[in-house]
Amino acid sequence: MCFPGDGGQSGAVVHGLLRFWLWYLCSRAVHTSVCSLYRLRAVFRSCWPKGATCENRIFNRNRCRVISRIRELLGLRAGSSPRPRGPGCLGCTLSPGRRAVRFLRCCEPRLLMPAFSLCVQQQLLHQSHRGAASRQDLCFDQAAVFIEDAIQYRSINHRMDARSMWLYRLYYSNTFQWTLSLTISLILLLAFIETPSSLTSTADVRFRSAPWDPPCGLTESVEALCLLVFVADVSVKSYLVGWAQFRKNPWLLAYLAVLVVSLADWIVSLSLVCQEPLRIRRLFRPFFLMQNSSMMKKTLKCIRSSLPEMASVVLLLALHLCVFTMLGMLLFTGEKQDDGQDRERLTYFRNLPEALTSLLVLLTTANNPDVMTPAYSKNRAYAIFFIVFTLIGSLFLMNLLTAIIYNQFRGYLMKSFQTSLFRRRLGARAAYEVLSSMSTRGEAHPRGVGVDPQDFLQVLQRVQLDSHQKPVIMEKVRSYGGDLLSAEEFQKLFNEFDKRVIKERPPRPEYRSPFLRSAQFLFSHRYFDYLGNLIALGNLVSISVFLVFDADVLPGDRDDFVLGILNCVFILYYVLELLLKAFALGLRRYLSYSSNVFDGLLTVVLLVLEISTLAVYRFPHPGWKPEMLGLLSLWDMARLVNMFIVFRFLRIIPSMKLMALVASTILDLIKNMRAFGGILVVVYYVFAILGINLFRGVVVAPGNGSLAPDNSSAPCGSFEQLEYWANNFDDFAAALITLWNVMVVNNWQVFLDAYRRFSGPWSKMYFVLWWLVSSVIWVNLFLALILENFLHKWDRRAHLQSLAGDPDTCCQVTVDLLFRDVLEEPTEEELLERLSCHPHLRLCR
């Protein structure tokens, strides 16, 4: 109210109260629509000068009615909190600011000051137009993010407001993902440099020099930077998915726990000046690799589901081992010192642990026939024991384990494709809902429900796609004209993303001369390629023949005159072939073929080496013998590089159907093999770190206080007699090689016996566990995946041709589209139900 005689102070008070009330309304409606009360407050502030008094008592008496009416038009009920429509809402309606403008136009002039009312109307209309444009940009960004999620088979359960989408796209940008991958590789490679360092020329304890150990704080600083990147990574992920989803995600919770433990152990390491006996954080480093790969997570889930069936077979194996161990100890009791039974008992069945170890190694056939030779040389009947054991254990139970693992993983590839298909359909449907809500917004007579192709084209401009793939997709969208795209048509467009676009090759040069045109036809014909392959075959044959003839000749007595002449002739032909093909095809078209790039690069390297060889050793002549300078002479390097010409014959694979099928299967397997390769890297890393902590320094060279006997007195076939001194756990690189040798299971009983003597009988548990994880489980998983991929590719090879259509088509079908017709398409109800459960998204229409 205004009081007479207060000099306008009461007007200033009322003005301040009104400004505060409008600010209060804006704070409650901060999440309404684009034209929010926050902007309405700015409108009132700009239209009502700060120095204005409340001389117009009519406005003061009715301001509450005006504000209440505007609150009602903006969707705010009196005495209750607003129910905002968040930025993730798919069915946003018209701007409520227009309703406020309509009210201001229709209210009586006595309610508001005319100048103030006109100013408010103009400001609200301006804000409404800006709000419509902002809403359109927001919807386009949402649709673009959903399409990118569908293309990359990512989950759509993340925040969908403008700022979060900007952060989301930045997180999945190539720069950030390459940075994250580089950080993971860097922290894993630190194990080669950290104490104990692997920076020595040899791992043999007899010849290895003292390794260089980095000063305290060097590798710790690099590790700290990597951990900071991981902290930023988990922070961004937790923000994007939201706190509610973060608490339900075990991988993110484990990610956070690993980071906390790693940072705590890093602090302890610095406080002890890098002299701590055990670094726990090194065991957790492979987790950073696993959590960054969705395929590795799926693989671990499949392994976990297969463990009960594998455990049953392992139990049968254990029972089989125990029974035959008892039988063996009863059979090979021995009576005389020179008796075959006694030698068998003393060597392989001395006690229960030795007998178990001998038969366990026999399961892998690594000690066959050594384990049965002492008893078999005494009596033929003893061979029955070992043959029956091998038949039941190696040929039946081990293969049964392989069959069980294959049965569990038989549908692994199809399940992966099914999950990927559902994610693609879900992302596409979410994009469709966003764009279809735009096509009917603001129209008095909407044409129907669907997506405007023009809107879709604008969205595709924002989607991160391959520069060669985007024009093909956009041309497909333009073919629909101005008709709205239905949900089914919109989904079918995403099949185009499964096709790899073949780049159109540059045109050939056009020559006017008939002679040049004839030469161009001749040197671009496939028969000219056949001639080049025949010359390359002759090159390989000549090198092989001379290698056989010179095998028994000392290097100083060899005469390389003939081979040097032939090498010059072959290299000159390769140079001539390069020039003729570049003439016939044109330089740009010549370089568009990867096979030509390989041939050209190899020819240039061979030419440089040949010129260098002639400059150093002169032209070949009788008695020509290039001297070695260092590890290899220039002549030897030229012959070594010349052997790479064998890769020219890979280009004949597509013309052989069966070989082409095998080759394409191998290429298609690379993507799926990455998950299995990653699991193997994780297992190797963990066991190598454990081996370093358990067995570092136990292998000591003879004569340096070692318990190992001298090589001359060592038993035949022992660790010392075979000179396995480089197979140790003194550094990370040596540990990896040792684990590889054990995984191959050739002579792995030597490692079991040596480390039992060097460190104790408990060491066998480590090596047996490594054999189970690597040779039994992982190798069988690898075999199951190869069989699954090849059998599906073999059964579907005819369907691939029908999908590809014309051989001259501009697209190649990927493996995802190859199996598309055997997958189960998700229903519309499933998609809408999943969208309705989105934590940051609501269907409003």
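Residues numbered from 1 in each chain as written. Predicted model: local features only at pLDDT ≥ 70, side-chain atom pairs only at ≥ 80, totals over all residues. Heavy atoms only, no water.

## Here we look at the packing of aromatic side chains
To keep it simple, the criterion reads: Centres within 6.5 Å make a pair out of two Phe, Tyr or Trp rings, where for Trp the six-membered ring is used; the pair is then stacked when the planes are under 30 degrees apart, edge-to-face when over 60, and tilted otherwise. A run of H or I in DSSP counts as a helix once it spans at least four residues, and a run of E counts as a strand once it spans at least two, with each numbered from the N terminus. To sort residues, take the accessible area from a 1.4 Å probe on protein chains only and compare it with the maximum for the residue type: under 20% means buried, over 50% means exposed, and anything in between is partly exposed. Think of it as a cone above the ring: NZ of Lys or CZ of Arg counts as a charge over the ring if it is within 6 Å of the ring centre and within 35 degrees of the ring normal.
Per the counting criterion, the structure on display carries 44 aromatic pairs. Both rings, one in phenylalanine 719 and one in tyrosine 755, keep their centres 6.5 Å apart while their planes meet at 80 degrees; by these two values the pair is edge-to-face. Taken together, the positions of phenylalanine 719 in the loop between helix H27 (657–695) and helix H28 (732–743) and tyrosine 755 in helix H29 (residues 748–759) put the pair 36 residues apart, joining distant regions of the chain. Of the two residues examined, phenylalanine 719 and tyrosine 755, each falls in the buried class. Cation over ring: arginine 154 sits above tyrosine 172, and NZ or CZ is 4.1 Å from the ring centre. Sitting over the ring of tyrosine 527, arginine 526 keeps its end group 5.1 Å from the ring centre.

## Side note on the pattern of salt bridges
Operational definition: By salt bridge we mean one thing: a side-chain nitrogen of Lys or Arg within 4 Å of a carboxyl oxygen of Asp or Glu.
The tally for this structure, following the rule as stated, stands at 30 salt bridges. Note that arginine 279 and glutamate 194 form a salt bridge whose closest N and O atoms lie 3.7 Å from each other. Here glutamate 194 lies in the loop between helix H7 (174–189) and helix H8 (218–241) and arginine 279 lies in the loop between helix H10 (250–271) and helix H11 (281–291), a separation of 85 residues in the sequence. You can call arginine 279 buried: its relative accessible area is 10%. Residue class for glutamate 194 comes out buried when judged on its relative accessible area of 0%. Salt bridges here are not isolated pairs; linked through shared partners, they connect Glu194, Glu220, Glu223, Asp265, Glu276, Arg279, Arg281, Arg282 and Arg285.

## Focus on H7
In an α-helix, one turn spans 3.6 residues; hence positions three or four apart end up facing the same way. The following threshold applies: For a helix, the expected span equals 1.5 Å multiplied by the number of residues minus one. Arc definition: directions from the helix axis to the C-beta atoms.
A rise of 1.5 Å per residue sets the reference length of H7, with its 16 residues, at 22 Å; its end C-alpha atoms lie 22 Å apart and thus fit the reference within 8%. Of the residues making up H7, those classed as buried are Leu180, Thr183, Ile184, Ile187 and Leu188. The buried side chains of H7 occupy one side of the element, clustering within an arc of 130 degrees when seen end-on. Opposite its buried face, H7 presents the exposed residues Asn174, Thr175, Trp178 and Leu182, each directed more than 90 degrees away.

## Some details on the confidence of the model for the protein
So the rule is basically this: Per-residue confidence from the predictor is reported as pLDDT, a score between 0 and 100. Residues are treated as being in contact if the distance between any of their heavy atoms lies within 4.5 Å.
Taken as a whole, the protein shows an average pLDDT of 77; of its residues, 72% reach a score of 70 or greater. This model gives residues 73–95 a pLDDT under 50, and the stretch forms 65 contacts once residues within four places in sequence are excluded. Note on residues 802–813: pLDDT under 50 across the span, and 21 contacts to partners over four residues away in sequence or across chains.

## A closer look at the environment of histidine 525
Using the following cut-off: N or O atoms closer than or at 3.5 Å make up a polar contact, with two conditions inside protein: a donor-capable atom paired with an acceptor-capable one, and, for residues adjacent in sequence, both atoms drawn from side chains.
Within the fold, histidine 525 resides in the loop between helix H21 (514–523) and helix H22 (526–549). Remark: the alpha-carbon pair of histidine 525 and alanine 584, spanning 59 residues in sequence, is separated by 9.4 Å. Looking at histidine 525, its side chain comes within polar contact range of the main-chain nitrogen of tyrosine 527, at 3.1 Å.

## A word on the state of the cysteines
Applicable threshold: A pair of sulfur atoms, both from cysteines and within 2.5 Å, is called a disulfide here.
In total, this model carries one disulfide according to the counting rule given. The disulfide that involves cysteine 216 links it to cysteine 274, with 2.0 Å between the sulfurs. Its S-S torsion of approximately 70 degrees makes the covalent link between cysteine 216 and cysteine 274 right-handed. Of this pair, cysteine 216 sits in the loop between H7 and H8 while cysteine 274 sits in the loop between H10 and H11, and the two are 58 residues apart along the sequence. Overall, the relative accessible area of 41% leaves cysteine 216 in the partly exposed class.

## So, a negative patch on the surface
Quick note on the threshold: Residues with no salt bridge and a relative accessible area higher than 30% make up the patches, which join like charges within 9 Å and nonpolar side chains (Val, Leu, Ile, Met, Phe, Trp, Tyr) within 5 Å. Only the protein chains shown count as cover for residues, and the accessible areas themselves come from Shrake-Rupley with a 1.4 Å probe. His is not counted here, nor are the chain ends, while Lys and Arg score as positive and Asp and Glu score as negative. Charged side chains are reduced to one point each, which is NZ for Lys, CZ for Arg, CG for Asp and CD for Glu.
A cluster of like negative charges, contributed by Glu824, Glu829, Glu830 and Glu833, occupies part of the molecular surface. Along the chain, the position of glutamate 824 falls in the loop between helix H32 (815–818) and helix H33 (828–836).

## Focus: the packing of helix H25 (residues 594–617) against helix H26 (residues 634–642)
Inclusion rule: Angular values range over 0 to 180 degrees, each being the angle between N-to-C directions of two axes fitted as lines to C-alpha atoms, with helices fitted over their stretch in contact. Geometric relationships in this document are graded by angle, where less than 35 degrees denotes roughly parallel, more than 145 denotes roughly antiparallel, 65 to 115 denotes roughly perpendicular, and other angles denote oblique. What makes a crossing left-handed is the near helix being turned counterclockwise from the far one by less than a right angle; a clockwise turn instead makes it right-handed. Under this grouping Gly is polar, as are all residues other than the nonpolar Ala, Val, Leu, Ile, Met, Phe, Trp, Tyr, Cys and Pro and the charged Asp, Glu, Lys and Arg.
Relative to each other, H25 and H26 sit at 160 degrees, their axes nearing to 9 Å. By the criterion of interaxial angle, the relationship of H25 to H26 is roughly antiparallel. Crossing handedness for the pair H25 and H26: left-handed. Along its contact with H25, which presents Leu602, Val605, Leu606, Leu609, Ser612, Thr613, Val616 and Tyr617, the element H26 presents Leu634, Trp635, Met637, Ala638, Val641 and Asn642. In terms of residue class, the contact of H25 with H26 is built from eleven nonpolar, three polar and no charged.

## A short note on helix H6 (residues 162–171)
All of the buried residues along H6 are Ser164, Met165, Tyr168, Arg169 and Tyr171. Burial along H6 is one-sided: seen end-on, the buried residues are contained in an arc of 155 degrees. Those residues of H6 that are exposed and angled more than 90 degrees off the buried face are Arg163 and Trp166.

## Remarks on the packing of helix H23 (residues 561–585) against H25
Here H23 crosses H25 at 140 degrees, and the two axes come no closer than 10 Å. Overall, the two elements H23 and H25 adopt an arrangement that is oblique. Helix-helix and strand crossings are classified by hand; for H23 and H25 the assignment is left-handed. Contact residues: H23 offers Asn567, Cys568, Ile571, Tyr574, Val575, Leu578, Lys581 and Leu585, while H25 offers Asn596, Gly600, Thr603, Leu606, Leu607 and Glu610. Looking at the contact of H23 with H25, its residues break down into eight nonpolar, four polar and two charged.

## Structural notes on the nonpolar core
To keep things clear, this is the line we draw: Here, nonpolar core refers to any group of buried Ala, Val, Leu, Ile, Met, Phe, Trp, Tyr and Cys residues whose side-chain atoms link them within 4.5 Å.
Formed by 139 residues in total, the largest nonpolar core has its most connected members in Ile147, Phe230, Phe288, Leu435, Phe456, Phe490 and Trp748. Top element by residues in this core is H27. It accounts for 14 residues. The residues touching phenylalanine 456, leaving out its near neighbours within four places in the chain, are Ile147, Leu435, Val451, Val477, Leu485, Phe490 and Leu493. Counting 18 residues, the second-largest nonpolar core is a separate cluster that includes Phe528, Ala584, Leu609 and Ile645.

## Topic: the side chain of glutamine 520
Tracing the chain through its elements places glutamine 520 in helix H21. Its relative accessible area of 10% is what places glutamine 520 among the buried residues. Setting aside its immediate chain neighbours within four residues, glutamine 520 contacts Arg508, Pro509, Tyr511, Phe583 and Ala584.

## Quick notes on the environment of serine 155
For serine 155, the location among the structural elements is in the loop between helix H5 (114–151) and H6. Excluding residues that lie within four positions of it along the chain, serine 155 makes contacts with Asp149, Tyr168 and Arg423. Within the structure, the side chain of serine 155 is placed 3.3 Å from the backbone nitrogen of asparagine 157, a separation counted as a polar contact.

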